[in-house]
Amino acid sequence: MKRILIWAALLLILASCGNDHYRIHGRVTSNELEGIQIFLVPLGHETAADVDSVHIHNHEFQFEGKEHWMCELRLSKYHRDKGQNLLVATESGDIYVTIGPDSSGGGTPQNDSLQVWKELTIRQNKLDNQLRGAGLRAELDSSWTAYKVRTRQMAYALGEESIVGAFLLGLYPEPKKDAGTDE
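## Some thoughts on the layout of surface pockets
In this structure, the largest pocket encloses a volume near 160 Å³. Every residue along the wall of the largest pocket is listed here: Glu-72, Gln-84, Asn-85, Leu-86, Leu-87, Gly-105, Asn-111, Leu-114, Gln-115, Trp-117 and Lys-118. Of all the secondary-structure elements, those providing two or more residues to the lining of the largest pocket are β6 (86-89) and α2 (109-133). Of the residues forming the lining of the largest pocket, the biggest block, five residues, is contributed by α2. Of the residues in the lining of the largest pocket, the class split is four nonpolar, five polar and two charged.

## Observations regarding the nonpolar core
Ile-24, Leu-40, Phe-61, Phe-63, Leu-73 and Ile-99 are the most contacted members of the largest nonpolar core, which has 18 residues in total. Where this core is concerned, the elements lending two or more residues are β1 (22-28), β2 (37-42), β4 (60-65), β5 (70-75), β6 and β7 (93-99). Grouped together as the second largest cluster of nonpolar side chains are 14 residues, Val-164, Phe-167, Leu-169 and Tyr-172 included.

## Remarks on the sheet that holds strand β8 (residues 104-106)
In a beta sheet, neighbouring strands pair by backbone hydrogen bonds and run either parallel or antiparallel. One open sheet accounts for four strands, arranged β4-β1-β7-β8; its pairing is mixed. At either margin of the open sheet sits one strand with a lone partner, and together these are β4 and β8. If you compare each strand with its neighbour and ignore which way they point, the axes differ by 15° on average. Sheet topology places β1 next to β4; six bridges connect them, and they run antiparallel. By the bridge assignment for β4, Tyr-22 is matched with Gly-65. On top of the sheet, α2 reaches β7 and β8; it is set at about 145° to β8, its chief contact.

Reading the values: the criteria
- Residues numbered from 1 in each chain as written.
- Predicted model: local features only at pLDDT ≥ 70, side-chain atom pairs only at ≥ 80, totals over all residues.
- Heavy atoms only, no water.
- 1 Å grid on protein atoms, 1.4 Å probe; cavity = no way out; pocket = protein on both sides within 12 Å on 5 of 7 lines; lining within 4 Å.
- Points joined across faces, edges and corners; volume = space filled by probe spheres on them.
- Helix = DSSP H or I, 4+ residues; strand = E, 2+ residues; numbered from the N terminus.
- Nonpolar A, V, L, I, M, F, W, Y, C, P; charged D, E, K, R; others polar.
- Core = buried A, V, L, I, M, F, W, Y, C linked by side-chain atoms within 4.5 Å.
- Buried < 20%, exposed > 50% of the residue type's maximum accessible area, 1.4 Å probe, protein only.
- Pairing = 2+ DSSP bridges.
- Axes fitted to C-alpha atoms, helices over the stretch in contact; angles between N-to-C directions.
- Contact = heavy atoms within 4.5 Å.

This is the structure in structure tokens:
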């Protein structure tokens, strides 16, 4: 009986140690993308050795790996009008993405948060356009400052060392206190 318990504990430990892989399960919405190549491009590591690619088959594609980076899913340059590029954090677990006119992703904590941030950014861009069109410069500046603060709060909530947290803080770092400016 002791041997069975020891083996079961050992197998459980080994199974939990090897779960640092990510899997991206992708779908595309356009029939025109069948057989087309899609790329997983690590931001800041765009060398040919670091870029991964697969061909779309039956409206689906999949990537797997161990490297944990902020990446962008991109269609080949001749087909980018058929689907929006999508940011994805290659964190451990199963990530589900849809590539189309309004690409989306989720399935892991950081990718769920990244999708929330994307939707926040889309709403902010629409608001900015409305304020700019109405000539409301002060409101535009105030709205933009609030957006950057919300983005930084999201980054801190995720953790400064997390893939998405570090990415967001890289986009909107804390303003320097001695610069004499507000954002």
